[in-house]
Amino acid sequence: MCTTCGCGAGETRVAGKAVPGQEDIQQFARGHAPPRPIDEGAGPAHRRMSYVALAADGGRNAQRSAAGHAHQHAHPHAGEAVAAEAGTPSRMLRIERDILARNNAYAAQNRRRFEDHGIFAVNLLSSPGSGKTSLLCRTIAALNGKLSIAVIEGDQQTSHDADRIRASGAPAVQVNTGKGCHLDAHMVGHAVDELAPADDSLLLIENVGNLVCPAAFDLGEAHKVLILSVTEGDDKPLKYSAIFAAASLMLVNKVDLLPYVSFDSERAIAYARQINPALQVIEVSATTGEGVEQWLAWLSAGCKARQEKKEGAMATLRRRIVELETQLSAASGG
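Residues numbered from 1 in each chain as written. Predicted model: local features only at pLDDT ≥ 70, side-chain atom pairs only at ≥ 80, totals over all residues. Heavy atoms only, no water.

Trainee: Help me out: how do you make sense of the pairing of strand S13 (residues 223–229) in this one?
Mentor: The two faces of a sheet get side chains in turn, since along a regular strand they alternate between them. Buried residues dominate S13, accounting for 6 of its 7 residues. In terms of strand pairing, strand S9 (residues 120–125) meets S13 through 4 bridges, oriented parallel. Counterpart to Leu-124 in the pairing with S13 is Val-225. When S13 meets strand S14 (residues 249–253), the two strands line up parallel, connected through 5 bridges. Considered in S14, the bridge of Leu-228 is made with Val-252. (Buried < 20%, exposed > 50% of the residue type's maximum accessible area, 1.4 Å probe, protein only. Helix = DSSP H or I, 4+ residues; strand = E, 2+ residues; numbered from the N terminus. Pairing = 2+ DSSP bridges.)

In structure tokens:
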């Protein structure tokens with residue numbers, strides 16, 4: 001269960017160091033019973049949440065102030081209503097909060113930073129075991145010397161994947177989310193500080209393996225890329241529609257295993273485009289290299305577009321400076 005959206009308590013670490021301020025963002029009521037849904041219709045999806053706090057005070061029922069004690073209760077998934085139980089039930093308090101506003105503010109900061117420095121940031125999403133890290137290693141090997149690449153690795157525990165990335169030839173920083181089930185923009189901002197990616201580079205963010213929570217959390221990335229492996233069910237797009245709706249590109253990975261599994265690629269792609277008609281799709285194999293050239297071309301095109309956008313913004317700024325200098329000179333009689 002994750003700390004930001006209500007499914008667990010975190011202890012986030014970036015490169016083995018605690019993240020300053022993360023506990024303020026991931027406010028969590030430790031010791032409470034697991035949340036249970038009560039009113040699924042409350043609040044706009046992915047923006048607001050409602051929950052009922054059931055509290056006990058010295059064995060007596062007591063109504064707690066929403067303003068003073070909201071931080072003591074678990075945050076639910078965006079758009080859901082949950083109840084937190086702590087001993088003897090008390091009067092129920094309905095509280096609505098925008099649980100994503102703070103994350104979105106950090107994401108906006110990250111996005112401005114990426115745009116100002118010409119960094120093309122991609123958020124890679126999938127369920128565990130889809131082959132994200134293997135695909136990243138192959139991508140790094142193929143683009144080595146052609147693009148400057150840096151990687152942020154998200155996992156609940158260990159630095160195994162960051163070690164694999166560094167062995168492939170790219171700098172990487174590990175973010176361990178503890179019991180958290182996704183990365184958020186605050187974590188990514190601290191990871192970028194640690195990593196210091198070069199200007200005009202490619203930043204690959206491997207999110208925690210999960211098809212639910214990462215869909216709702218903007219990291220400041222240019223695109224979300226979803227990896228669906230053929231060892232999963234071809235009905236995943238219908239089961240986890242939010243993450244397919246959020247993605248710009250879907251990579252159908254492990255296509256070399258198609259003769260040995262019952263996965264129907266055409267059906268999976270049709271389901272995904274039923275959810276997201278604009279979704280681009282590339283079928284790949286991180287093992288054999290099939291389709292990887294298309295993936296590399298997509299990344300290279302994204303990097304070029306981001307760099308051109310930065311150069312355009314700089315050119316506009318230079319022209320504006322010349323205009324102001326000319327106006328100042330005319331005003332001073334020069």
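Trainee: What exactly am I supposed to notice about helix H9 (residues 265–275) here?
Mentor: Three- or four-residue spacings in an α-helix give side chains the same orientation, since the helix completes a turn every 3.6 residues. Among the residues making up H9, those that are buried are Ser-265, Ala-268, Ile-269 and Ala-272. Angularly, the buried residues of H9 cover 95° about the axis, an arc narrow enough to put them on a single face. Across H9 from its buried face, at more than 90 degrees, point the exposed residues Glu-266 and Gln-274. One side-chain oxygen at the N-terminal end of H9 lies 3.2 Å from the backbone nitrogen of Glu-266; it belongs to Asp-264. (Arc of directions from axis to C-beta. Polar contact = N/O pair within 3.5 Å; in protein donor to acceptor, adjacent residues only side chain to side chain.)

Trainee: Looking at this structure, I do not really get the environment of Gly-154. What am I missing?
Mentor: For Gly-154, the position within the fold is in strand S10 (residues 149–155). Sequence separation between Gly-154 and Val-175 is 21 residues; the distance between their C-alpha atoms is 4.9 Å. Sequence-distant contacts of Gly-154, defined by excluding residues within four places in its chain, comprise Gln-174, Val-175, Leu-183, Glu-206, Asn-207 and Val-208. (Contact = heavy atoms within 4.5 Å.)

Trainee: What should I look at first to understand the pattern of salt bridges in this one?
Mentor: It is possible for side chains bearing opposite charge to pair when their charged atoms get close. Throughout the structure, instances matching the rule amount to 11 salt bridges. Put simply, Arg-111 and Asp-218 hold a salt bridge, and the shortest N to O gap is 2.8 Å. Of this pair, Arg-111 sits in helix H3 (residues 101–116) while Asp-218 sits in the loop between strand S12 (202–206) and S13, and the two are 107 residues apart along the sequence. (Salt bridge = Lys/Arg side-chain N within 4 Å of Asp/Glu carboxyl O.)

Trainee: Looking at this structure, how should I read the pairing of S14?
Mentor: Summarising burial for S14: 5 of the 5 residues are buried, a large majority. Alternating residues of S14 divide into Leu-249, Leu-251 and Asn-253 and Met-250 and Val-252, and every residue in both groups is buried. Here 4 bridges tie S14 to strand S15 (residues 280–283), and the two strands are oriented parallel to one another. Following the sheet pairing, Val-252 is matched in S15 by Glu-283.

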